[in-house]
Amino acid sequence: MEHQSQKGLIAFVFAAGVSACVLWLRRRRRLPPGSPWSLPLLGETLTYVRDPLGFIEAKLSQYGGTCRSNLLFAPTVILAVTDANAKLLYSERDMAWPTHFQKLVGKTSLPMVNDPLHKKIRTLSSRPFGDRQLDTYLPCLQRLSAKHLELWAEEGQCRELHMEIKKYAFECAEAVILGVENDRIKSDRFMELYEEAFKGLGYVLPFDIPGFPFHKCMLARKLLVQEFQTLIEKKRKKLKDPCRMFQVNTMLDSVLQAEEMSNEEELSDFCVAMMFAGHDTTLASIQSCLHWLKQCPDVESLLRQEVREAWDGGCRLTRRILDSIPQTRAFLQEVWRITPPVSVVTREVSKDTEIDGYVVPKGWTMLFAPAGRHSKAEDSRSFSIQRHLRDGKFFDCTFDPVYFASFGGGSRMCIGHKFARDEMLVFLLHFLHGYDVQLASSKLQNFPFRLWRVQGTICRAEG
Ligand code: HEM
């Protein structure tokens, strides 16, 4: 009797094992196709970080569409963009950043958190990006554009423009986000700390242990946080002063006024993340704009004419002026479409999900490239501002994720996209009205931001 029940148990365990194997094999067969030959854990990360967009394009071509890989320590499905899967990607709310990104950008910073904290921080962080608030930043952007272009033109020598433009983009972010202006020493220190800290994003051994390069990045981040905490304290005092409490003119001021955001970590993470998201992206955009202007001289002449008709080069820039240059807006949109500073959008799959006929397990990362060869824009490789014009008016495709997607979409869409557009338009207005550039070279850079890195001489425009 006992012998029989033992046999029964063995048969049961065997049957259960076989069915588990069959299920596993079936499920595996329904996974998207992908290379079985890649490094353990690291997968294809090294090739990916060198050129994310190029990597995605190569994969999609190799497998003829949606496929899988192992990137940044996570199993990943790479999507060939369609209306259906873009909708699915943007309906997911969770980000799937590697842990070391969270350590650097901030555990409670908007880009890194998921619901329910994301909803709270997003609502609070949206306060500085309302239409009325945005208008108040224009004079500051105008002042800084005029100042930096004049400085560059005075220098008048051929050089890498990257660092010069970085200083400008950083100063704009500092002035508008933190309210720090005209403090060159502080500004240089912040910039150095940012450079040091965010190098860490590209490290493949991100261990915060003495001796590992990533440890130095984390030390730089700590120093940044200390600086921000001092600044927050000063701002708090200012906002309590009855004579000055209504002078809310920076993004940090608006967030400090929200009582819900009193947590010190959330506040310093707000500063770290906004400054990070808000300067390297515009640095990338400006250089790519200079590159594309010189690639398309006919477009450049059209834009110069449009800008000179809309603005006298001196009076205060208003929303009305920014709205009255449709071709310049179309040019900027096309630069962002064809050279998106953030070349990849990602989400985490919240449950086992069928995508393009495959089963993608819960916890995997979904990833797609907004501007690849596989985007739905017609003749997507050619530069054409006409795509964004209808009857001479600017036709805005910012919210069409299948076509554009340079600011992502859904509930995690870039919170700073309107501000970034304002900053770029103010810069372009000044540049096209009174300045020119002779480019000696431009080279495509792929990581961490995608841009045409330019070398050349800025000078005053003739005529
Ligand atoms: C050309 C400039 C910019 C580009 C191309 C850009 C692009 C992006 C992209 C692609 C995302 C991810 C969206 C998604 O996953 O669906 C994002 C998120 C974000 N961006 Fe931007 N961005 C730019 C400028 C800015 C600026 C100026 C700020 C702030 C001052 C900013 C703040 C943020 C934040 C906080 C998030 C995270 C939003 C969330 O997770 O809810 N960005 N951006």
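With an unreviewed UniProt entry as reference, the protein chain is termed Cyp26a1 protein, source organism Symbiodinium necroappetens. The Cofactor (unreviewed entry) field of the UniProt record for the protein chain holds the comment "heme".

Q: Which residues make up the sheet that holds strand E4 (residues 345-348), and what are the values?
A: What the 4 strands build is an open sheet, ordered E1-E2-E7-E4; its pairing is mixed. Two strands close off the open sheet at either side, each with one partner strand: strand E1 (67-71) and E4. On average, adjacent strands in this sheet sit at an angle of 30° to one another, irrespective of strand direction. Both E1 and strand E2 (residues 74-78) contribute to a ladder of 5 bridges, which runs antiparallel. Counted as the bridge partner of Asn70 is Pro75 from E2. In this fold helix H3 (residues 52-63) packs onto E1 and E2, with an angle of close to 145° to the strand it touches most, E1.

Q: So, the pairing of strand E11 (residues 451-460): which residues are in play, and what are the values?
A: Sheet topology places strand E3 (residues 159-160) next to E11; 2 bridges connect them, and they run antiparallel. Paired with Arg159 across the two strands is Gly456, which belongs to E11. The pairing of strand E10 (residues 435-445) with E11 spans 10 bridges and is antiparallel. Residue pairing across strands places Leu444 opposite Trp452, the latter belonging to E11. Between E10 and E11, which pair antiparallel in sequence order, lie 5 residues.

Q: Which residues make up the environment of Leu223, and what values go with them?
A: Relative to the helices and strands, Leu223 resides in helix H10 (residues 213-240). For Leu223, a count of 15 C-beta atoms within 10 Å translates into the label partly exposed.

Q: Please give an account of helix H16 (residues 417-434) that cites residues and values.
A: In this model, H16 (18 residues) spans 26 Å end to end at C-alpha, consistent with the 26 Å of a helix rising 1.5 Å per residue. With respect to burial, H16 is a largely interior element, 14 of its 18 residues being buried.

Q: Can you break down the nonpolar core residue by residue, with the values?
A: Counting 75 residues, the largest nonpolar core has Cys271 and Leu428 as its most contacted members. Core analysis: the next-biggest nonpolar cluster, separate from the first, contains 27 residues, Leu71, Ile78, Val81 and Met366 among them.

Basis of the calculations
Residues numbered from 1 in each chain as written. Predicted model: local features only at pLDDT ≥ 70, side-chain atom pairs only at ≥ 80, totals over all residues. UniProt positions renumbered as here; feature names shortened; annotations may be inferred. Pairing = 2+ DSSP bridges. Helix = DSSP H or I, 4+ residues; strand = E, 2+ residues; numbered from the N terminus. Axes fitted to C-alpha atoms, helices over the stretch in contact; angles between N-to-C directions. Contact = placed C-beta atoms within 7 Å. Buried ≥ 20, exposed ≤ 12 C-beta atoms within 10 Å, placed from the backbone. Expected span 1.5 Å × (residues − 1). Core = buried A, V, L, I, M, F, W, Y, C linked by C-beta atoms within 7 Å.

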